[in-house]
Amino acid sequence: MIDLTISDDVATVVLNAPSTLNSLDDQALRDLGRAYDEADAAGVRALVLRGEGRAFCAGRDISAVDPRDDDVMGYLGGLVTPLLQRMARFPAPTFAAAHGACLGVGLGLLIATDVVYVAESAKIGSPFAALGATLDSGGHALFVDRLGAHKTLDLIYTGRLMTGTEAVTSGLFSRALPDDEVLQTTTDAAATAARGATAAFLASKQLVSRIRDERLALWESIDFENTAQAALCDTDDYREGFAAFQEKRKPEFHGR
């Protein structure tokens, strides 16, 4: 079950199936995509993703899957990958509050989110060795990029799970926090972003994605920064930011 609420320009999307550790079947993936579409249509200026119960998301719901006729490509290629791409392109800053198990597709949801705050006790890694399966949903790319090939294969071969603290120390995510502080910190950060200069945030989001996906070199990225900055000059928020600085007051941004 996927819940969506919108308040003060912030969408909160909740994975709400605690009895299955918020594992995701085909229908849940479709519902999650619709929640992002509805939040987009509402014009929110920030989004929070979280899980209800003991875990963020334990991955795919395989309770009713028969491996003899499992349509893996339909699930991963037809549902998961388009969803992750849609999440990554969401036109506002996105934040995730992660705790407990963050595995498989659940890990992919975090990879597709801009800012990820994890509980210190969270469990992150590749448990697939016990299933005869392999890591999916972008996990290989994330781990190799941040951990290197040797540590990646160590995690995959052994099935060892990292704590949230270890994952953040290794550069996987944004911050590790005490378990009882993760949700409030994430909510506060999203609320702050929703009051910020949305166009400027999106320019940085797009540039970071290009640097990552296209492996832009320094001078290429500087050229794109220059172009983005020039475009921002035409926004109300840019003019408000400069006026507020010059008048020694706090800016009032409206996302335009």
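The structure presented is a predicted model; accordingly, all values stated were derived computationally and were not measured. (Residues numbered from 1 in each chain as written. Predicted model: local features only at pLDDT ≥ 70, side-chain atom pairs only at ≥ 80, totals over all residues. Heavy atoms only, no water.)

### Regarding the sheet that holds strand E1 (residues 2-7)
Taken in spatial order, the 6 strands line up as E1-E2-E3-E4-E6-E9 in an open sheet, and their pairing is mixed. Looking at the sheet topology across the chains shown, the edges are occupied by E1 and strand E9 (175-177). The mean inter-strand angle of the sheet, taken between neighbouring strand axes irrespective of direction, is 20°. With 4 bridges connecting them, strand E4 (residues 94-98) and strand E6 (residues 115-119) associate as parallel partners. Residue phenylalanine 95 lies in a different strand from E6, and its bridge partner there is valine 115. (Pairing = 2+ DSSP bridges. Helix = DSSP H or I, 4+ residues; strand = E, 2+ residues; numbered from the N terminus. Axes fitted to C-alpha atoms, helices over the stretch in contact; angles between N-to-C directions.)

### With respect to the packing of aromatic side chains
Taken as a whole, this structure holds 2 aromatic pairs when the rule is applied. Where tyrosine 36 meets phenylalanine 90, the ring centres are 5.7 Å apart and the plane angle is 90°; that geometry is what we call edge-to-face. Here the residue tyrosine 36 occupies a position in helix H1 (residues 26-41), and phenylalanine 90 occupies one in the loop between helix H2 (72-88) and E4, the gap between them amounting to 54 residues. Judged by its relative accessible area of 1%, phenylalanine 90 falls in the buried class. (Phe/Tyr/Trp six-rings, centres within 6.5 Å; stacked < 30°, edge-to-face > 60°. Buried < 20%, exposed > 50% of the residue type's maximum accessible area, 1.4 Å probe, protein only.)

### Focus: the side chain of threonine 235
Its location among the elements puts threonine 235 in the loop between helix H9 (218-232) and helix H10 (236-246). At a separation of 2.7 Å, a polar atom in the side chain of threonine 235 contacts the main-chain carbonyl oxygen of leucine 232. (Polar contact = N/O pair within 3.5 Å; in protein donor to acceptor, adjacent residues only side chain to side chain.)

### Quick notes on the layout of surface pockets
Sizing a probe to match a water molecule and rolling it over the atoms shows the empty space that remains. One number sums up the size of the largest pocket: a volume of about 1,100 Å³. For the largest pocket, the lining is made up of 37 residues, of which Ile111, Ala112, Thr113, Ser209 and Arg212 are closest to its centre. Contributing elements (two or more residues each) for the lining of the largest pocket: H2, helix H3 (105-111), E6, helix H4 (139-147) and helix H8 (198-214). Its residues assigned to classes, the lining of the largest pocket shows 20 nonpolar, 9 polar and 8 charged. (1 Å grid on protein atoms, 1.4 Å probe; cavity = no way out; pocket = protein on both sides within 12 Å on 5 of 7 lines; lining within 4 Å. Points joined across faces, edges and corners; volume = space filled by probe spheres on them. Nonpolar A, V, L, I, M, F, W, Y, C, P; charged D, E, K, R; others polar.)

### As for H1
Because an α-helix completes one turn every 3.6 residues, residues spaced three or four positions apart along the sequence face the same direction. Under the 1.5 Å per step criterion, the end-to-end length of H1 is 23 Å for 16 residues, consistent within 8% with the ideal 22 Å. All of the buried residues in H1 are Ala28, Leu29, Leu32, Gly33, Ala35, Tyr36 and Ala39. Along the long axis of H1, the arc covered by the buried residues comes to 150°, so they all point the same way. Contact partners of the buried residues in H1: E1, strand E2 (10-15), strand E3 (46-51), H2 and H3. Taking the backbone nitrogen of glutamine 27 as reference, a side-chain oxygen 3.3 Å away marks aspartate 25 as the first, capping residue of H1. Just beyond H1, the residue with positive phi is glycine 43, at close to 70°. (Expected span 1.5 Å × (residues − 1). Arc of directions from axis to C-beta. Contact = heavy atoms within 4.5 Å.)

### Regarding a negative patch on the surface
Together, Glu120, Asp179, Asp180 and Glu181 make up a region of like negative charge exposed at the surface. Mapped onto the secondary structure, aspartate 180 falls in the loop between E9 and helix H7 (182-194). (Patch = residues over 30% accessible without salt bridge, like charges linked within 9 Å, V, L, I, M, F, W, Y side chains within 5 Å. Areas by Shrake-Rupley, 256 points an atom, 1.4 Å probe, with all protein chains shown as cover. Salt bridge = Lys/Arg side-chain N within 4 Å of Asp/Glu carboxyl O. Lys, Arg positive; Asp, Glu negative; His and termini not counted. Charge placed at Lys NZ, Arg CZ, Asp CG, Glu CD.)

### Some thoughts on the pattern of salt bridges
Summed over all chains, the structure comprises 14 salt bridges. The salt bridge partner of arginine 146 is aspartate 145, with a shortest N-O separation of 2.9 Å. Owing to a relative accessible area of 43%, aspartate 145 belongs among the partly exposed residues under this scheme. Here aspartate 236 makes a salt bridge to arginine 239, at a shortest N to O gap of 3.0 Å. Taken together, the residues span about one helical turn, with aspartate 236 and arginine 239 both in helix H10 at a distance of 3 residues. Among the residues examined, arginine 239 registers a relative accessible area of 43% and is labelled partly exposed.

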